[in-house]
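# Geometric and topological summary
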Amino acid sequence: RKEVEQDPGPFNVPEGATVAFNCTYSNSASQSFFWYRQDCRKEPKLLMSVYSSGNEDGRFTAQLNRASQYISLLIRDSKLSDSATYLCVVTGGGNNFNKFYFGSGTKLNVKP
Amino acid sequence: DAGVIQSPRHEVTEMGQEVTLRCKPISGHNSLFWYRQTMMRGLELLIYFNNNVPIDDSGMPEDRFSAKMPNASFSTLKIQPSEPRDSAVYFCASSLGRNQPQHFGDGTRLSIL
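Residues numbered from 1 in each chain as written. Chains lettered and ligands numbered in written order. Predicted model: local features only at pLDDT ≥ 70, side-chain atom pairs only at ≥ 80, totals over all residues. Heavy atoms only, no water.

### Examining the nonpolar core
- Core analysis: the largest hydrophobic core is formed by 24 residues, its most contacted members being Phe21(A), Trp35(A), Ile71(A), Leu73(A), Ile75(A), Tyr86(A) and Leu108(A).
- Secondary structure elements with two or more residues in this core: β3 (19-25), β4 (33-38), β5 (45-50), β7 (60-65), β8 (70-75), β9 (84-91) and β11 (106-111) of chain A.
- Residues Leu46(B), Met69(B), Ile79(B) and Leu110(B) belong to the second largest nonpolar core, which totals 21 residues. (Core = buried A, V, L, I, M, F, W, Y, C linked by side-chain atoms within 4.5 Å. Buried < 20%, exposed > 50% of the residue type's maximum accessible area, 1.4 Å probe, protein only. Helix = DSSP H or I, 4+ residues; strand = E, 2+ residues; numbered from the N terminus.)

### Some details on the state of the cysteines
- Applying the stated criterion across every chain yields a total of 2 disulfides over all chains.
- With a sulfur-sulfur separation of 1.9 Å, Cys23(A) is cross-linked through a disulfide to Cys88(A). Classification of the bridge connecting Cys23(A) and Cys88(A) rests on its S-S torsion, roughly -70°, and on that basis the disulfide is left-handed. Of the two residues, Cys23(A) is situated in strand β3 and Cys88(A) in strand β9; the sequence distance between them amounts to 65 residues.
- Owing to a relative accessible area of 1%, Cys23(A) belongs among the buried residues under this scheme.
- Disulfide partner of Cys23(B): Cys92(B), at an S-S distance of 1.9 Å. Classification of the bridge connecting Cys23(B) and Cys92(B) rests on its S-S torsion, roughly -70°, and on that basis the disulfide is left-handed. In this pair, Cys23(B) sits in strand β3 (residues 19-24) while Cys92(B) sits in strand β9 (residues 88-95), placing the two residues 69 residues apart along the sequence. Both residues of the pair, Cys23(B) and Cys92(B), belong to the buried class. (Disulfide = S-S within 2.5 Å.)

### Description of the pattern of salt bridges
Residue and element names in this part refer to chain B.
- Inspection of the entire model under this criterion finds 14 salt bridges over all chains.
- One salt bridge connects Arg36 with Glu44, and the closest N-O pair in it is separated by 3.3 Å.
- Exposure remark for Glu44: the relative accessible area of 16% places this residue in the buried category.
- When the shortest N-O distance is used, the salt bridge between Glu44 and Arg41 registers 2.8 Å.
- Within the structure, one salt-bridge network assembled from shared partners comprises Glu62, Arg64, Glu83, Arg85 and Asp86. (Salt bridge = Lys/Arg side-chain N within 4 Å of Asp/Glu carboxyl O.)

### Some words on the sheet that holds β3(A)
Residue and element names in this part refer to chain A.
- The strand order β1-β3-β8-β7-β6 describes an open sheet built from 5 strands, whose pairing is antiparallel. The open sheet is flanked by β1 (4-6) and β6 (55-57), the only strands paired with a single partner. Averaged over all pairs of adjacent strands, the angle between their axes in this sheet comes to 20°, without regard to strand direction. (Pairing = 2+ DSSP bridges. Axes fitted to C-alpha atoms, helices over the stretch in contact; angles between N-to-C directions.)

### A closer look at the packing of aromatic side chains
- Counted by the stated rule, this structure contains 15 aromatic pairs over all chains.
- With a centroid separation of 5.0 Å and 50° between ring planes, the pair formed by Tyr25(A) and Phe33(A) is classed as tilted. Both residues of the pair, Tyr25(A) and Phe33(A), count as buried.
- Here the aromatic rings of Phe102(A) and Tyr35(B) are separated by 5.5 Å at their centres, their planes lie at 85°, and the arrangement is edge-to-face. Placement of the pair is Phe102(A) in strand β10 (residues 100-102) and Tyr35(B) in strand β4 (residues 31-38), with the two residues belonging to separate chains.
- Judged by its relative accessible area of 13%, Phe102(A) is buried.
- Accessibility expressed as a relative area gives 1% for Tyr35(B), which makes it buried.
- Joined through ring pairs, the aromatic side chains of Phe34(A), Tyr36(A), Phe100(A), Phe102(A), Phe33(B), Tyr35(B), Tyr48(B), Phe91(B) and Phe104(B) make up one cluster. (Phe/Tyr/Trp six-rings, centres within 6.5 Å; stacked < 30°, edge-to-face > 60°.)

Next comes the structure, spelled out in structure tokens:
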């Protein structure tokens, strides 16, 4: 079983739509969680960390459900510039606290 | 502030040649990571260092791959001899350490002919 699983998409949405991505992880000892964004032929860039209480950054909201071991990302009022691949990231538990496990990414296409 | 700096940005070489990729982490970061990304396999962790010491190299595909971190501001990933299946984008990333987000360099696009 993969450490992190994501729906690969693509999600094709019109501008202004609200879209949500989910991600599940297998290691209950994982301590830190992130969403990264990767544009075509570019490096992954940190979008936001995910905190236990949930957190918001402008149009982006991240949620963590430790009991069910899933993470979500909600994007409101999508913009054309939000088109990218979104990577769910989970750190290893125990002595692997520094090791990142990346999901395979969910592709988002926002259309005019 | 300078981010993670990788060189070269692009490398095209013939199979059998030695390839050396270089990385300068963000100053003050004590963890450094080497990744490889392909369409088929996605983003794979090759090796990571804490305080210049290799911690986990289980992702290094074969003995042809080696990585070093002689000091806190420099790391290399070497492939010798290179093969066409090594063609990929190689990313270096660094972080402040435990459970902290990683910051990626622009990557090296490697093509082995």
